[in-house]
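Commentary on secondary and tertiary structure
Listed below are the residues making up each chain.
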Amino acid sequence: DTPLTMGPQLNGKIPSTSSYPEIIQKARDAFQSGRTRDVTFREQQLKKLLRLYEENTDAMIAALAADLRKSKQESVLFEIEFVKNDIKHSLLNLREWVKPEKPPKGIVNLMDEVLIHHDPFGVVLIMGAWNYPLQLALVPVAGAIAAGNCVILKPSEVSEACANLMAELIPKYLDQDCYHVVQGGIPETTELLKERFDYIFYTGSTNVGKIVRAAANEHLTPVTLELGGKSPVYIDDTVNMDIAVRRILWGKCINAGQTCIAPDYILCSKDVEQEIVSRAKQVFREWYGDNWKNSPDFCRIVTDRHFRRLVGFLNNGKIAVGGDTDESERYISPTILVDVKPSDPIMQEEIFGPILPVVNVESPEEAIKFIVNREKPLAFYIFSDNSQRRKLLIENVSSGGICCNDTLMHVGVDTLPFGGVGNSGMGAYHGVYSYNTFTHKKSCLVKNYNPLGEKIASSRYPPYSDKKTTF
Ligand code: NAD
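The following paragraphs examine the structure supplied in this document.

So, how was this worked out
Residues numbered from 1 in each chain as written. Predicted model: local features only at pLDDT ≥ 70, side-chain atom pairs only at ≥ 80, totals over all residues. Heavy atoms only, no water. Helix = DSSP H or I, 4+ residues; strand = E, 2+ residues; numbered from the N terminus. Rg over C-alpha atoms; globule rule 2.2 N^0.38 Å. Buried < 20%, exposed > 50% of the residue type's maximum accessible area, 1.4 Å probe, protein only. Contact = heavy atoms within 4.5 Å. Lys, Arg positive; Asp, Glu negative; His and termini not counted. Charge placed at Lys NZ, Arg CZ, Asp CG, Glu CD. Pairing = 2+ DSSP bridges. Axes fitted to C-alpha atoms, helices over the stretch in contact; angles between N-to-C directions. Near = heavy atom within 4 Å. Polar contact = N/O pair within 3.5 Å; in protein donor to acceptor, adjacent residues only side chain to side chain. Nonpolar A, V, L, I, M, F, W, Y, C, P; charged D, E, K, R; others polar. Patch = residues over 30% accessible without salt bridge, like charges linked within 9 Å, V, L, I, M, F, W, Y side chains within 5 Å. Areas by Shrake-Rupley, 256 points an atom, 1.4 Å probe, with all protein chains shown as cover. Salt bridge = Lys/Arg side-chain N within 4 Å of Asp/Glu carboxyl O. Phe/Tyr/Trp six-rings, centres within 6.5 Å; stacked < 30°, edge-to-face > 60°. Expected span 1.5 Å × (residues − 1). Parallel < 35°, antiparallel > 145°, perpendicular 65-115°, else oblique. Left-handed = near helix turned anticlockwise from the far one by under 90°.

To continue, consider the overall build of the protein. Counting secondary structure elements, the protein contains 15 helices and 17 strands. A compact globule built from 471 residues would reach a C-alpha radius of gyration of about 23 Å, and the protein, at 25 Å, matches this within 12%. Taken along its principal axes, the extent of the C-alpha atoms in the protein is 85 × 60 × 35 Å. Burial analysis of the protein (471 residues in total) assigns 53% to the buried set. A fraction of 71% describes how many contacts in the protein between residues 6 or more apart in sequence connect residues 24 or more apart. One way to put it: in the protein the 53 positive side-chain charges average out to a point 6 Å from where the 58 negative ones average out.

Below you can see the structure in the form of structure tokens.
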């Protein structure tokens, strides 16, 4: 497994855990100076973050290749353009978002100002995951900056090259008092979580999410938890099978299945399963050639530990497609498993790799029952051309998000919130939802000294009488 690293930071000094209070205090002092309340300052920092992206695209692609053997196209689409678009969207809308809201007023407050003022929380901790190491760290960072917070970013130690790159670049581009990168693995994160933050934004596994929430509880720190889970696909026989199969396999094969919203398993009839299997062989040959392992477009599994866990699933059910592995490269081919039983180990935890089990169900009702008897998924994919059936499934399954007749694409809609529910997380972000996540909405009533208003309201003062409370 990748060793733990501590990257360059604080003008070249590598911070030890004992320096965390000092780093956090530095951010707190910067926040209290009021600098980040200035919207122009926030815009400048967001523009610098954009410039960081524009001037270091090649270094980012190289770091992603080193960590995950990510292809250039996947890096550009999901780690670079995605983040740049999110930042540009914030820059375009920030002046609107920051305006105090003016909710409707009741008759009692007709002469008053009733406002919802937007306050940044203060110093926020953002913890990233390794699978999309840049996107999952920097989209929340952009949201926290837009909302006027100072940030301590803790990238995942597993994607070491990307963590080092962020630790090197962020102090070069962003304000060094307001924004900090702290590196390290579990021992360092454990220490970091003992500190007091004003908000914690965590992306990663459900198990660690519980640890983060428990730590946050000590200081009553609010949290957003972007977690994982098993995202099911329901597919019936009404769809355009050629397109549907490509869309499902694409969602599974990107990043070699190491995507939090990757289709985890398929629920369908035996007939549909056979169609999927025969088409999948053809699609994989088209995409990856005769020797899939040689394709530059297919990623590798991030560590030996993750590789061994996934290989353990290959004897669940029967291999219908793929099933090849190469430990020396941590390669697992795109694989479809059939005859999988709900009790098999592969159906007990999030797969997070390129293995796609199929479980047979005979009706949408049976699919609903299967899903709702398990933890709530982060995404639910419905492939059906029957709108009544889609409605039934949308209304009866609770999931973080839903995408019909495609996979992953709902995440790219910048007006939709992205987040989980139940075990797949709490809170949401992207676009204005990131801004809202990192903003405390402060109720604000501004009264005046108008004598008429005072006369009307004076019945609240003692001496009390029944007359005053008879309406
Ligand atoms: P992880 O939970 O193992 O690690 C994430 C972070 O937690 C890292 O920074 C790590 O240092 C820290 N950490 C790990 N163990 C810890 C401990 N015991 N105490 C304190 N901190 C600890 O997650 P991962 O392996 O990086 O990511 C995989 C999981 O993340 C999957 O479940 C996936 O679905 C989920 N995920 C969710 C999203 C989302 O947006 N909802 C995105 C990507 C990944």
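Turning our attention to the sheet that holds strand S12 (residues 335–338). Read from one edge of the open sheet, seven strands run S9-S12-S13-S8-S7-S14-S15, paired in mixed fashion. Two strands lie at the open edges of the sheet, namely strand S9 (318–321) and strand S15 (401–404), each paired on one side alone. For this sheet the average axis-to-axis angle between neighbouring strands, irrespective of direction, equals 25°. As paired elements, strand S7 (residues 231–235) and strand S14 (residues 379–383) share three bridges and run parallel to each other. Along S14, the bridge assignment pairs tyrosine 234 with isoleucine 382. Along the sheet face, helix H9 (residues 241–253) touches S7, strand S8 (263–268), S12, strand S13 (355–360) and S14 and points at about 150° away from the line of S8.

What follows covers the site of the ligand. In the vicinity of the ligand lie 25 residues, with Trp130, Glu157, Tyr202, Leu227 and Glu350 positioned nearest. Within the backbone of glycine 128, one N or O atom sits 3.4 Å away from an oxygen atom of the ligand. Residue composition of the shell around the ligand, grouped by class: 13 nonpolar, eight polar and four charged.

A cluster of like negative charges, contributed by Asp237, Asp271, Glu362 and Glu366, occupies part of the molecular surface. The exposed category is assigned to aspartate 271, whose relative accessible area is 58%.

A cluster of nonpolar side chains, contributed by Ile107, Val108, Leu110 and Met111, occupies part of the molecular surface with about 470 Å² of accessible area. Tracing the backbone shows isoleucine 107 in the loop between helix H4 (72–97) and strand S1 (113–120).

Another aspect to go through is the sheet that holds strand S3 (residues 150–154). Reading across from one edge, S4-S3-S2-S5-S6-S16 is the order of the six strands in this open sheet, with mixed pairing throughout. Because the sheet does not close on itself, it has two edges, and the strands there are strand S4 (179–181) and strand S16 (425–426). Against the sheet, helix H6 (residues 160–173) contacts S3 and S4, and its axis sits at roughly 155° relative to S4.

Another point: the packing of aromatic side chains. Each aromatic ring pair is characterised by the separation of its centres together with the angle its planes make. Applying the stated criterion across every chain yields a total of 16 aromatic pairs. Here phenylalanine 78 and tyrosine 132 contribute two aromatic rings whose centre-to-centre distance is 6.3 Å and whose plane-to-plane angle is 75°, an arrangement assigned as edge-to-face. Separated by 54 residues along the polypeptide, phenylalanine 78 in helix H4 and tyrosine 132 in the loop between strand S2 (123–127) and helix H5 (135–146) bring together distant segments of the chain. Look at tyrosine 132 and you get buried, because its relative accessible area is 7%. Measuring from ring centre to ring centre gives 5.3 Å for tyrosine 288 and phenylalanine 298, while their planes differ by 70°; the resulting arrangement is edge-to-face. Of this pair, tyrosine 288 sits in helix H10 (residues 270–288) while phenylalanine 298 sits in the loop between H10 and helix H11 (304–311); the two residues are 10 residues apart in sequence, bridging distant segments of the chain. Of the two residues, tyrosine 288 and phenylalanine 298, both sit in the buried class.

Moving on to the environment of asparagine 448. Following the sequence through the fold, asparagine 448 ends up in the loop between strand S17 (439–446) and helix H15 (451–457). Given the relative accessible area of 38%, asparagine 448 is considered partly exposed. It is 39 Å that separates the C-alpha atoms of asparagine 448 and threonine 415, two residues lying 33 residues apart in sequence. Sequence-distant contacts of asparagine 448, that is, excluding residues within four places in its chain, are made with Met111 and Asp112. Of note is the side chain of asparagine 448, whose polar atom sits 3.1 Å from the backbone oxygen of methionine 111. At 3.1 Å, the side chain of asparagine 448 and the backbone nitrogen of asparagine 450 are in polar contact.

The peptide bond linking proline 462 to proline 463 adopts the cis configuration, its omega dihedral lying at 0°. For proline 463, the position within the fold is in the segment after H15. Phi at leucine 408 is positive, roughly 65°, even though this residue is not glycine. Classification of leucine 408 as buried rests on a relative accessible area of 8%.

A word on H6. Between the first and last C-alpha of H6 there are 20 Å, a value that for 14 residues agrees with the 20 Å anticipated at 1.5 Å per step. Along H6, the residues that are buried comprise Cys162, Ala163, Leu165, Met166, Ala167, Leu169, Ile170 and Tyr173. The inward-facing, buried residues of H6 contact helix H2 (39–55), helix H3 (57–68), H5, S3 and S4.

Turning to the pairing of S13, a few remarks are in order. The buried count for S13 comes to five of six residues, which makes it a mostly enclosed element. Bridge analysis of S8 against S13 gives three bridges, and the strand direction is parallel. Bridge pairing links isoleucine 266 to valine 358 in S13. Pairing of S12 with S13 involves three bridges; the strand directions are parallel. Paired with threonine 335 across the bridge in S13 is isoleucine 355.

With that out of the way, let us pick up the pairing of S3. Across the five residues of S3, five count as buried, placing the element largely inside the fold. Of the two faces of S3, the one lined by Cys150, Ile152 and Lys154 and the one lined by Val151 and Leu153 are each fully buried. Strand direction decides the pairing type here: S2 and S3, joined by five bridges, are parallel. Across the sheet, the residue bridging to valine 124 is valine 151, located in S3.

For the rest of this paragraph, the subject is the packing of H3 against H4. Their axes nearest at 10 Å, the elements H3 and H4 cross at an angle of 110°. Judged on the interaxial angle alone, H4 and H3 are roughly perpendicular. You can see that H3 and H4 cross each other, and the crossing is right-handed. Contacts from Thr57, Met60, Ile61 and Leu64 of H3 reach H4 at Lys72, Ser75, Val76, Glu79 and Ile80. Its residues assigned to classes, the contact of H3 with H4 comprises five nonpolar, two polar and two charged.

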